[in-house]
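Remarks on the overall topology
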Amino acid sequence: MKRAAPELLFMSGAVSQYLGAVVAVGLFTEMSPGATAWLRVLGSAAIIVILRRSWRRRWKPDAILNAAKFGVALAAMNLCFYLAINELPLGNAVAIEFLGPLGVAAFGTRTPRAAGALILAVAGVVILAGVEAEGTIRGVSFAMLAAVFWAMYIVLGQRVARSPAAIDGLGLGMLAGAIAISPFGAPDVTAALGTPWLLVLGLATGLLSNVIPYGIDQLVMQQVDRRRFALLQALLPVTAALIGLIFLTQVPNLRDLTGIALVIVSIALSRS
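1. A short note on the nonpolar core
In this structure, Tyr 18, Phe 81, Ile 85, Leu 90, Tyr 153 and Met 174 are the most contacted members of the largest nonpolar core, which totals 66 residues. With 10 residues, the top contributor of residues to this core is helix H3 (residues 61–85). Residues contacting Tyr 18, with those up to four places away along its chain left out, are Phe 81, Leu 90, Val 94, Leu 236, Thr 239, Ala 240 and Ile 243.

2. Focus: the pattern of salt bridges
Pairs may arise between side chains of opposite charge once their charged atoms sit close together. Within the structure shown, the criterion is met by two salt bridges. Residues Arg 138 and Glu 87 are paired through a salt bridge, measuring 2.6 Å at the closest nitrogen-oxygen approach. With a gap of 51 residues between them, Arg 138 in helix H7 (residues 137–161) and Glu 87 in the loop between H3 and helix H4 (90–97) connect regions that are remote in the sequence. A relative accessible area of 52% means that Arg 138 is categorised as exposed.

3. Thoughts on the environment of Leu 170
Among the secondary structure elements, Leu 170 is positioned in helix H8 (residues 167–189). By relative accessible area, which is 0% here, Leu 170 ends up buried. Note: C-alpha distance between Leu 170 and Ile 48 (122 residues apart in sequence) is 8.0 Å. Apart from the residues lying within four places of it in its own chain, the contact partners of Leu 170 are Ile 48, Phe 70, Leu 74, Val 160, Tyr 214, Gly 215 and Gln 218.

4. Concerning the side chain of Glu 97
Tracing the backbone through its elements, the reader meets Glu 97 in helix H4. The buried charged residue Glu 97 lacks any salt bridge partner; its closest oppositely charged side chain belongs to Arg 40, at an N-O distance of 7.7 Å. Discounting residues that sit within four places of it in the chain, Glu 97 has contacts with Met 77, Phe 81, Ala 143, Ala 146, Ala 147 and Trp 150.

Criteria and cut-off values
- Residues numbered from 1 in each chain as written.
- Predicted model: local features only at pLDDT ≥ 70, side-chain atom pairs only at ≥ 80, totals over all residues.
- Heavy atoms only, no water.
- Core = buried A, V, L, I, M, F, W, Y, C linked by side-chain atoms within 4.5 Å.
- Buried < 20%, exposed > 50% of the residue type's maximum accessible area, 1.4 Å probe, protein only.
- Helix = DSSP H or I, 4+ residues; strand = E, 2+ residues; numbered from the N terminus.
- Contact = heavy atoms within 4.5 Å.
- Salt bridge = Lys/Arg side-chain N within 4 Å of Asp/Glu carboxyl O.
- Lys, Arg positive; Asp, Glu negative; His and termini not counted.

Take a look at the structure:
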């Protein structure tokens, strides 16, 4: 049976991921971004571990360590991203955050065609990252931190994806990540314990933004190398801008549309 193209798989995960972000933005009036991020990571870890019965796997120490490092990077990325979109438009925050994958892609560039794709992607992201009046230094700083953790997510995630643990490693990693960021979110969740619908929506962000897209990432990482995967991430600012337009009425201007066009061209050039 022929596998779906990595781009198609990745786009499906991207749509799910930013629909989850839309739900999260709606929760920020009821819960802090830190609490929402913690629920997202903990809920997604519980879903994977329970459905997969991951405790039955025979875990080797190095597999546990790799999964834990990956999960901490993932959780920290989620936390910083939510803190960023609490201050910035969704598309702008994702564009700034994309500097992390661009850095990873830069290390893997070997051919003129790949270099050209990277240059176009950089140009598109720089244009998309222009912060409007509603942007703040704090929001940009959190987005930059998320970029660092996104780069770590790609590097560490490929090790987990290509190990026997794979999806189980994702679940275990997110459990470790939830523990790591619990000081930033767990205390604020207590306010939502008496409101079941808040907890349900918080867990929904975990399903939409972690379980589905990061599970798809594991499949894509098995098919493509690190540089190609990093360049595929350029689809995310485009997707985020479209989701922000449709669901959050964050209308892109001409500059944003130019950046989106450059990103799409870069993806086309990067195909092998």
